[in-house]
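Chains, contacts and geometry: an overview
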Amino acid sequence: MLLHEFNPSIKALTVVVCVLILSVFFDPVTPFLTLVVTAGATFIFGKVSFKRWILLFSPFIFMAIIYIWSALIFSKTIEGETILWTWGIFTLTEEGFQRALSLGMRVLSFTSLSLLFILTTKPTEFLLSLMQQCRLSPKLAYGIMAGYRFLPLMKEEFEIIRSAHRIRGVPKARTLSEKMAELKRYSVPLLAGAIRKAERTAMAMESKGFTGDGNRDFYQKISVSWKDWAYFAFFIGAVLASAYISWLFGFLQLYNGEL
């Protein structure tokens, strides 16, 4: 069974609950083990290519390194901590190093959970699930869905406007003031086009009988089964098992207002 087949709302709930549980722990081992399990599930049961995953994940590795570096440089030394290294005003303690590492691992584990959801969930099915299981207003849901579909059209329209300007002899902007003027020239026709498309879409939806009433039927049914709750229990259990392993090796630490 693939991760794409589970209920999107339950998957989103799983990510939120896992993040909340991980926020309680403040050791590097628990988020690291959760990261390993989540990444493994993404590759094995999500059939996501490693190249695509690492492309999206790599900016957050850089962010985690910045977090660790900042926490090491600006950490406060508490009396009784084990000093590992001292240079001038900088002091590195064993406890401070673990705190910095924990912050970095938190960023990476939260990112891996989010990527698991994003890469294995279709946006349309997620919105349908929010309407059917979470009672999200159809007016809001279909508005988001229409806006999402407009994004590629906006890009295409931007290319058309830019090509039209080139044909008419408008030179390429080089200075900052010219770029600002160019942005203004592009934004006005883009905004006007977007408003026209939104009006046409609204009229088309009303002509098809769309009223925004929540008590409506759906062509595509999104259901919740025991498999979805098994998915939820598996990932919650994985986080708790990570904390248990961390406790067995003496690393487990709960958040106690260290930040």
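Residues numbered from 1 in each chain as written. Predicted model: local features only at pLDDT ≥ 70, side-chain atom pairs only at ≥ 80, totals over all residues. Heavy atoms only, no water.

Here we look at the nonpolar core
Put simply, the rule reads: Joining through side-chain atoms within 4.5 Å is the link that ties buried Ala, Val, Leu, Ile, Met, Phe, Trp, Tyr and Cys residues into a set, and such a set is a nonpolar core. When a residue's accessible area, from a 1.4 Å probe over protein chains only, is under 20% of the maximum for its type it is buried; when over 50% it is exposed; and in between it is partly exposed. Counting from the N terminus, the helices are DSSP H or I runs at least four residues long and the strands are E runs at least two residues long. The contact criterion used is simple: two residues touch if any of their non-hydrogen atoms lie within 4.5 Å.
Counting residues in each nonpolar core, the largest one holds 19 residues, and the members touching the most others are Cys18, Leu116, Tyr231 and Phe235. At the level of secondary structure, the elements contributing two or more residues to this core comprise α1 (8-24), α4 (94-119) and α8 (226-248). Apart from the residues lying within four places of it in its own chain, the contact partners of Tyr231 are Leu3, Phe6, Lys11, Thr14 and Leu116. In this structure, Phe57, Met105, Leu115 and Leu119 belong to the second largest nonpolar core, which totals eleven residues.

Let's talk about the confidence of the model for the chain
In regions of low pLDDT, the predicted coordinates are not meant to be interpreted in detail. Selection rule: Confidence scores here are pLDDT values: one per residue, from the predictor, ranging 0 to 100.
For the chain, per-residue confidence averages 86 on the pLDDT scale, and 96% of positions sit at 70 or higher. Mean pLDDT across the elements of the chain bottoms out in strand β1 (residues 83-87) (71) and peaks in α8 (94).

Here we look at the side chain of Thr120
Within the fold, Thr120 resides in the loop between α4 and α5 (123-133). Apart from the residues lying within four places of it in its own chain, the contact partners of Thr120 are Leu3, His4, Lys11, Gly46 and Val48.

Section: the packing of α1 against α8
Cut-off, in case you're wondering: Only the stretch in contact is used when fitting a helix axis, every axis being a line fitted to C-alpha atoms; angles between N-to-C directions are given from 0 to 180 degrees. Oblique is the label for any angle not under 35 degrees, not over 145, and not in the 65 to 115 range, which are roughly parallel, roughly antiparallel and roughly perpendicular in turn. In this scheme the crossing of two helices becomes right-handed for a clockwise turn of the near helix relative to the far one and left-handed for an anticlockwise turn of less than a right angle. Residues are grouped as follows: Ala, Val, Leu, Ile, Met, Phe, Trp, Tyr, Cys and Pro are nonpolar; Asp, Glu, Lys and Arg are charged; every other residue, Gly included, is polar.
The geometry of α1 relative to α8 is characterised by a closest axis approach of 10 Å and an angle of 15 degrees between their N-to-C directions. As summarised for this structure, α1 and α8 are arranged roughly parallel, according to the angle between their axes. The crossing of α1 and α8 is right-handed. Taken together, the residues of α8 that come into contact with α1 (itself represented by Ile10, Lys11, Leu13, Thr14, Val17, Cys18, Ile21 and Leu22) are Asp228, Trp229, Tyr231, Phe232, Phe235, Ile236, Val239 and Leu240. Here the residues of the contact of α1 with α8 are counted per class, giving 13 nonpolar, one polar and two charged.

What about a nonpolar patch on the surface?
Under the convention used in this document: Grouping into patches uses exposed residues only, defined as over 30% relative accessible area, and leaves out salt-bridged ones; the cut-off is 9 Å for like charges and 5 Å for nonpolar side chains (Val, Leu, Ile, Met, Phe, Trp, Tyr). The protein chains shown are the only cover counted for residues, whose accessible areas, like all others here, come from Shrake-Rupley with a 1.4 Å probe. We define a salt bridge as a contact between a side-chain nitrogen of Lys or Arg and a carboxyl oxygen of Asp or Glu at a distance within 4 Å.
Together, Tyr244, Ile245, Trp247, Leu248, Phe249 and Phe251 line one region of the surface with nonpolar side chains, adding up to about 690 Å² of accessible area. Mapping Leu248 onto the fold places it in helix α8. Classification of Leu248 as exposed rests on a relative accessible area of 51%.

Things to note about the pairing of β1
Heads up, the rule is: A pair of strands counts as paired when DSSP detects no fewer than two bridges linking them.
Across the five residues that make up β1, only a small minority, zero, are buried. Bridge analysis of β1 against strand β2 (residues 90-93) gives four bridges, and the strand direction is antiparallel. Within the sheet, the bridge partner assigned to Thr86 lies in β2 and is Thr91.

Quick look at unusual backbone geometry
Most peptide bonds adopt trans geometry, and most residues besides glycine take a negative phi value. In this model, Lys47 sits at a positive phi of 55 degrees, which is unusual for a non-glycine residue. Following the sequence through the fold, Lys47 ends up in the loop between α2 (29-44) and α3 (50-73). The residue Arg135 is not glycine, and still its phi comes out positive at about 60 degrees. Along the chain, Arg135 falls in the loop between α5 and α6 (138-167). Taking the relative accessible area as the measure of exposure, Arg135 reaches 67% and is therefore exposed.

A few points about α3
The condition is simple: Multiplying one less than the number of residues by 1.5 Å gives the expected span of a helix. A residue's bend is given by the angle between axes fitted to the 7 residues ending at it and the 7 residues starting at it.
The terminal C-alpha atoms of α3 lie 33 Å apart, and with 24 residues this matches the ideal 34 Å at 1.5 Å per residue to within 8%. Where α3 bends most, at Phe57, the angle is about 35 degrees, and the proline Pro59 comes one to four residues later. Among the residues making up α3, those that are buried are Trp53, Phe57, Ala64, Ile68 and Ala71. Against α2 and α4 lie the buried residues of α3.

Section: the environment of Leu136
The residue Leu136 is located in the loop between α5 and α6 in this model. Classification of Leu136 as partly exposed rests on a relative accessible area of 24%. Put simply, Leu136 and Gly214 are 78 residues apart on the chain and 8.1 Å apart in space, counted from C-alpha to C-alpha. If near-sequence neighbours (up to four positions away) are discounted, Leu136 is found in contact with Leu127, Leu130, Met131 and Ala141.

Section: the environment of Leu254
Residue placement: Leu254 occurs in the segment after α8. Those residues in contact with Leu254, other than ones at most four positions away along the chain, are Val24, Phe25 and Phe26.

Describing α6
Structural remark: α-helix, 3.6 residues per turn; residues separated by three or four positions point the same way. Its 30 residues give α6 an end-to-end C-alpha distance of 43 Å, which sits within 8% of 44 Å, the value for a rise of 1.5 Å per residue. Residue Leu151 marks the point of greatest curvature in α6, where the axis turns by about 35 degrees; the proline Pro152 follows within four residues. Along its buried surface, α6 packs onto α5 and α7 (176-207). One or two residues past the end of α6 sits Gly169, with phi positive at roughly 90 degrees.

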